[in-house]
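Here's the letter readout for the chains.
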Amino acid sequence: MELAENMYFRNVNNNAGIFDYLIATAEDQETKEAALAYHFIRKSEVAPTATEVAGRIEAWLAKNFVVNVDFKVADALKTLDRFGLVRREGEWLFVPPLEPAIAQLHQVWNNFFKRD
């Protein structure tokens, strides 16, 4: 309701533009979730489980932003997996160091528009 009111009263957009706005907002949120998951997996001293990652992110958000959320770690891991940035060994999660991760993202982007 709040989103609809904001778009109506601020006249952010209309018709098809609203769909573009909503999709962009969802993609932005998905990126933030994936970045948080990557960071908390990468900074763990011992390979964490998905439950541990979610708990650490929830605690960090509560401490730093005073918000209580139920972090959907499965969605974040799905995004990381889609870009080849997470590896699983049983329930343990691993991500590459930052430089190889950036190189992987560059490779994904460079191949995005290639046709078979």
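Below, the structure is looked at part by part.

The rules behind each value
Residues numbered from 1 in each chain as written. Predicted model: local features only at pLDDT ≥ 70, side-chain atom pairs only at ≥ 80, totals over all residues. Heavy atoms only, no water. Helix = DSSP H or I, 4+ residues; strand = E, 2+ residues; numbered from the N terminus. Expected span 1.5 Å × (residues − 1). Buried < 20%, exposed > 50% of the residue type's maximum accessible area, 1.4 Å probe, protein only. Arc of directions from axis to C-beta. 1 Å grid on protein atoms, 1.4 Å probe; cavity = no way out; pocket = protein on both sides within 12 Å on 5 of 7 lines; lining within 4 Å. Points joined across faces, edges and corners; volume = space filled by probe spheres on them. Nonpolar A, V, L, I, M, F, W, Y, C, P; charged D, E, K, R; others polar.

As for helix H3 (residues 50–65)
Residue pairs spaced three or four apart in an α-helix point in one direction, given the helix's 3.6 residues per turn.
Argument step 1. Here H3 spans 22 Å end to end across 16 residues, near enough to the 22 Å set by a 1.5 Å rise per residue.
Argument step 2. Within the sequence span of H3, burial applies to Val 53, Ala 54, Ile 57 and Leu 61. The buried residues of H3 occupy an angular sector of 100° when projected down its axis, which confines them to one face. In H3, those exposed residues whose orientation departs by more than 90 degrees from the buried face are Thr 51 and Lys 63.
Argument step 3. Trailing H3 by a residue or two, Val 66 shows a phi angle of about 50°, which is positive.

Considering the layout of surface pockets
Argument step 1. In this structure, the largest pocket spans a volume of roughly 310 Å³.
Argument step 2. Along the walls of the largest pocket sit 14 residues, with Glu 30, Thr 31, Ala 34, Thr 79 and Phe 83 positioned nearest its centre.
Argument step 3. If one sorts the elements of the lining of the largest pocket by residue count, helix H2 (residues 16–42) sits on top with six residues.
Argument step 4. Residues of the lining of the largest pocket, tallied by class, amount to nine nonpolar, two polar and three charged.

Just distances and angles here, no functional claims.
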